[in-house]
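Chain and residue survey
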Amino acid sequence: MSLPEPMAAARPTQCSAKGCRRDASYAIVWRNPRIHAEDRHKTWLACDEHRTTLSDFLSLRGFPMHVVPIDELDPADRPSAP
(Lines give C-alpha, C1' and ligand atoms only; values in the text may rest on other atoms or scores of the structure.)
Protein backbone atom coordinates (compact mmCIF):
# COMPACT_ATOMS: atom_id res chain seq x y z
CA MET A 1 0.00 0.00 0.00
CA SER A 2 1.36 3.43 -0.88
CA LEU A 3 0.50 6.67 0.81
CA PRO A 4 -0.50 9.77 -1.18
CA GLU A 5 2.07 12.52 -1.56
CA PRO A 6 1.63 15.69 0.52
CA MET A 7 -0.63 18.29 -1.11
CA ALA A 8 2.18 20.79 -1.75
CA ALA A 9 4.29 18.20 -3.55
CA ALA A 10 1.40 16.98 -5.70
CA ARG A 11 0.29 20.46 -6.82
CA PRO A 12 2.34 22.04 -9.64
CA THR A 13 3.95 25.38 -8.94
CA GLN A 14 2.37 27.98 -11.19
CA CYS A 15 3.94 31.07 -12.78
CA SER A 16 2.92 34.36 -11.12
CA ALA A 17 2.49 36.25 -14.42
CA LYS A 18 -1.10 37.32 -15.02
CA GLY A 19 -2.98 34.70 -17.05
CA CYS A 20 -0.05 32.25 -17.20
CA ARG A 21 -0.78 28.69 -16.10
CA ARG A 22 2.65 27.19 -16.80
CA ASP A 23 4.78 25.50 -14.18
CA ALA A 24 7.40 27.80 -12.71
CA SER A 25 11.11 27.13 -13.16
CA TYR A 26 12.38 30.16 -11.21
CA ALA A 27 11.66 32.08 -8.04
CA ILE A 28 12.07 35.84 -7.87
CA VAL A 29 12.62 36.87 -4.25
CA TRP A 30 12.10 40.62 -3.76
CA ARG A 31 11.06 43.38 -1.39
CA ASN A 32 9.78 46.95 -1.58
CA PRO A 33 12.21 48.88 0.66
CA ARG A 34 9.64 51.63 1.28
CA ILE A 35 7.25 49.26 3.04
CA HIS A 36 9.21 46.07 3.86
CA ALA A 37 11.88 45.69 6.52
CA GLU A 38 15.15 44.16 5.32
CA ASP A 39 14.17 40.75 6.69
CA ARG A 40 10.78 40.68 4.92
CA HIS A 41 10.39 39.73 1.28
CA LYS A 42 7.94 38.36 -1.24
CA THR A 43 8.37 35.58 -3.77
CA TRP A 44 7.03 35.46 -7.29
CA LEU A 45 7.31 32.30 -9.35
CA ALA A 46 8.18 32.48 -13.04
CA CYS A 47 8.16 30.17 -16.02
CA ASP A 48 10.97 30.42 -18.58
CA GLU A 49 8.92 32.81 -20.73
CA HIS A 50 8.08 35.29 -17.94
CA ARG A 51 11.31 35.29 -15.90
CA THR A 52 12.70 38.36 -17.67
CA THR A 53 9.40 40.26 -17.77
CA LEU A 54 8.75 39.86 -14.04
CA SER A 55 12.38 40.64 -13.15
CA ASP A 56 12.36 43.77 -15.34
CA PHE A 57 9.14 44.97 -13.71
CA LEU A 58 10.81 44.86 -10.28
CA SER A 59 14.16 46.24 -11.49
CA LEU A 60 12.53 49.30 -13.07
CA ARG A 61 11.08 50.14 -9.66
CA GLY A 62 14.44 49.73 -7.93
CA PHE A 63 13.29 46.82 -5.74
CA PRO A 64 16.08 44.60 -4.38
CA MET A 65 15.66 41.09 -5.76
CA HIS A 66 17.39 37.90 -6.75
CA VAL A 67 16.37 35.05 -9.05
CA VAL A 68 17.00 31.40 -8.19
CA PRO A 69 15.99 28.13 -9.82
CA ILE A 70 12.88 26.92 -8.04
CA ASP A 71 14.69 23.73 -6.94
CA GLU A 72 17.18 25.88 -5.01
CA LEU A 73 14.57 28.06 -3.29
CA ASP A 74 14.96 28.24 0.48
CA PRO A 75 11.85 26.73 2.15
CA ALA A 76 11.42 29.97 4.11
CA ASP A 77 11.04 31.83 0.79
CA ARG A 78 8.34 29.57 -0.64
CA PRO A 79 5.09 31.41 -1.33
CA SER A 80 2.12 30.33 0.73
CA ALA A 81 -0.83 28.62 -0.90
CA PRO A 82 -3.71 30.92 -1.89
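Preceding this section is the structure that the text describes.
Scope of this entry: the structure provided in the associated data block.

Quick notes on the rules
Residues numbered from 1 in each chain as written. Predicted model: local features only at pLDDT ≥ 70, side-chain atom pairs only at ≥ 80, totals over all residues. Heavy atoms only, no water. Helix = DSSP H or I, 4+ residues; strand = E, 2+ residues; numbered from the N terminus. Buried < 20%, exposed > 50% of the residue type's maximum accessible area, 1.4 Å probe, protein only. Contact = heavy atoms within 4.5 Å. Areas by Shrake-Rupley, 256 points an atom, 1.4 Å probe, with all protein chains shown as cover.

1. Focus on the overall build of the protein chain
When you go through the protein chain residue by residue, the secondary structure sums to two helices and three strands. Ordered by position in the sequence, the α and β elements of the protein chain form the string α-β-β-α-β. Counting every position in the protein chain, which comprises 82 residues, the buried fraction comes to 29%. In the protein chain, 53% of the contacts between residues at least 6 apart in sequence involve partners at least 24 apart. Roughly 6,100 Å² of accessible area belongs to the protein chain as shown, and the carbon and sulfur atoms make up 52% of that amount.

2. Digging into the environment of Pro 33
Considering the arrangement of structural elements, one finds Pro 33 in the loop between strand E1 (26-30) and strand E2 (42-46). You can call Pro 33 partly exposed: its relative accessible area is 40%. C-alpha of Pro 33 to C-alpha of Phe 63: the two residues are 30 residues apart in sequence and 6.8 Å apart in space. Those residues within four positions of Pro 33 in sequence are excluded, and the remaining contacts are Phe 63 and Pro 64.

Shape is all these values report; function is a separate question.
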